[in-house]
Amino acid sequence: VKYKGRNGVFFYDDELRRRSQDRIHLEGELVKALERDEMTLFYQPKIDANSSTVSGFEALIRWIHPERGMVSPIDFIPVAEDSGLIVPMGKWVIRTACRQHVAWLKAGLPPVNISVNLSCHQFADHHLLASIEQILAETGVDPAYLEFEITESVLMKDAEAALQVLSEMKAMGLKLSVDDFGTGYSSMSYLKHFPIDVLKIDRSFVLDITTDEQDATITSAIISLAGALGLAVVAEGVETREQLDFLRQCNCDQVQGYLFSPPVPADRAVHLITKQF
Ligand code: C2E
Ligand code: CA
Ligand code: CA
Ligand code: CA
């Protein structure tokens with residue numbers, strides 16, 4: 001492949017070859033990673049904007065590779081999606097999150113809401129509901145404490161099929177949240193039809209709320225919209241006190257971001273459960 005750039009001719013052959021080999025290599029290692037117990041879950045708290053206490057945790061997968069070190073899900077989730085590996089991996093995530101919920105309960109802590117991300121293939125998988133049911137039965141988790149975060153673009157890919165799956169999940173007593181809200185298709189009519197509980201405002205809006213008037217307007221409008229529709233609203237990627245103040249002014253229900261805590265291992269998350277932020 002040759003690409004004629006503005007400043008001459010660049011050869012992308014080597015770069016492309018290296019990248020695709022890297023990807024194939026990654027895929028092979030990813031298959032073994034689950035068996036080898038290299039995956040772990042980190043937990044990032046969501047904070048109630050009024051009480052400043054933890055209202056729940058988002059489970060985020062981490063791959064501790066023996067040589068590469070920590071591999072970001074941004075790099076391996078797409079590979080897992082393409083290879084179909086995301087299905088068994090996703091099931092592992094749900095099971096691990098449920099087991100953690102139970103472990104904390106058994107340790108005498110109050111029941112903790114846990115949310116789990118679902119990617120495109122997982123959501124389209126016909127065995128998803130059966131897998132969730134099986135995990136709930138085997139762990140004894142009350143579905144009211146388990147939430148699934150699904151991005152707007154995944155939901156809109158096939159809105160009719162999504163409505164069907166969401167309705168069944170809702171009937172199981174699970175909570176449902178629209179992740180990265182505002183970045184996908186901007187058709188809002190589906191909000192009326194989908195049985196969702198929570199909107200998560202994408203980090204890209206929150207990033208500039210204190211400097212960009214448009215992002216501030218969009219964010220405050222999403223919060224009002226959520227309120228009017230009876231949905232809870234979470235702002236993700238809150239990093240500064242100023243962003244928090246603005247979100248509080250807009251009556252945002254929950255906030256999540258580095259200002260409070262990055263995603264942390266379970267043994268550190270446990271100390272946050274009863275913390276006053
Ligand atoms: P996401 O669901 O939108 O998760 C939010 C990401 O933002 C996380 O990155 C989190 O660590 C990061 N984050 C949280 N607070 C802040 C902040 O204040 N500032 C900044 N700059 N970033 C913040 P992470 O853990 O690397 O995950 C990236 C994405 O990978 C997630 O985006 C999600 O789409 C996917 N992912 C992660 N874990 C899983 C999983 O278990 N299953 C699936 N299907 N996808 C996952
Ligand atoms: Ca998420
Ligand atoms: Ca998100
Ligand atoms: Ca995101």
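Structural notes, computed from the coordinates. The structure presented is a predicted model; accordingly, all values stated were derived computationally and were not measured.

Rules of the game
Residues numbered from 1 in each chain as written. Chains lettered and ligands numbered in written order. Predicted model: local features only at pLDDT ≥ 70, side-chain atom pairs only at ≥ 80, totals over all residues. Heavy atoms only, no water. Near = heavy atom within 4 Å. Polar contact = N/O pair within 3.5 Å; in protein donor to acceptor, adjacent residues only side chain to side chain. Areas by Shrake-Rupley, 256 points an atom, 1.4 Å probe, with all protein chains shown as cover. 1 Å grid on protein atoms, 1.4 Å probe; cavity = no way out; pocket = protein on both sides within 12 Å on 5 of 7 lines; lining within 4 Å. Sits in = over half its atoms within 2 Å of the grid points. Helix = DSSP H or I, 4+ residues; strand = E, 2+ residues; numbered from the N terminus. Nonpolar A, V, L, I, M, F, W, Y, C, P; charged D, E, K, R; others polar. Core = buried A, V, L, I, M, F, W, Y, C linked by side-chain atoms within 4.5 Å. Buried < 20%, exposed > 50% of the residue type's maximum accessible area, 1.4 Å probe, protein only. Contact = heavy atoms within 4.5 Å. Donors = N, O, S within 2.8 Å, 3.2 Å for Na, K, Ca; no water. Phe/Tyr/Trp six-rings, centres within 6.5 Å; stacked < 30°, edge-to-face > 60°.

1. As for the site of ligand 1
In the neighbourhood of ligand 1, 22 residues make up the surrounding shell, with Gln-44, Arg-62, Arg-203, Glu-239 and Tyr-258 lying closest. For ligand 1, a nitrogen atom lies 3.0 Å from a polar atom in the side chain of Gln-122. Arg-203 is positioned with one of its side-chain polar atoms (N or O) 2.7 Å from an oxygen atom of ligand 1. Surface burial for ligand 1 is 85%, taken as the share of its 800 Å² of free accessible area covered by protein chains. Applying the majority rule of atoms within 2 Å of the grid points places ligand 1 in the largest pocket. Of all the elements, strand β4 (residues 54–65) adds the most residues to the shell around ligand 1, at 4 residues. Of the residues that constitute the shell around ligand 1, the class distribution is 9 nonpolar, 6 polar and 7 charged.

2. Some points on the nonpolar core
Membership of the largest hydrophobic core comes to 81 residues, with the highest contact counts inside it found for Trp-104, Phe-123, Phe-148, Met-169 and Leu-199. Examining the composition of this core, we find that 8 residues originate from one element, helix α3 (residues 86–106), more than from any other. In this structure Met-169 touches Leu-118, Phe-123, Leu-129, Ile-132, Phe-148, Leu-174 and Leu-176, once residues within four positions along its chain are discounted.

3. With respect to the coordination of the calcium ion (ligand 2)
At 2.2 to 2.3 Å from the calcium ion (ligand 2) lie its protein donor atoms, namely Glu-58 (OE), Asn-117 (OD1), Glu-149 (OE) and Asp-179 (OD). Site description for the calcium ion (ligand 2): donor spacing in sequence, E-x58-N-x31-E-x29-D. Here the calcium ion (ligand 2) and the calcium ion (ligand 3) are spaced 3.8 Å apart, and both take Asp-179 as a donor. Residue Glu-58 is located in strand β4, and its partner Asn-117 is located in strand β6 (residues 114–118); the two are separated by 59 residues in the primary sequence.

4. Some details on the packing of aromatic side chains
What the rule picks out here adds up to 6 aromatic pairs. Geometrically, the ring pair formed by Trp-63 and Phe-76 is edge-to-face, given 5.5 Å between the ring centres and 90° between the ring planes. On the criterion of sequence distance, the pair formed by Trp-63 in strand β4 and Phe-76 in helix α2 (residues 73–83) is long-range, its members being 13 residues apart. What links up through ring pairs into an aromatic cluster is the set Tyr-43, Phe-57 and Trp-104.

Purely geometric stuff here, so don't read any function into it on its own.
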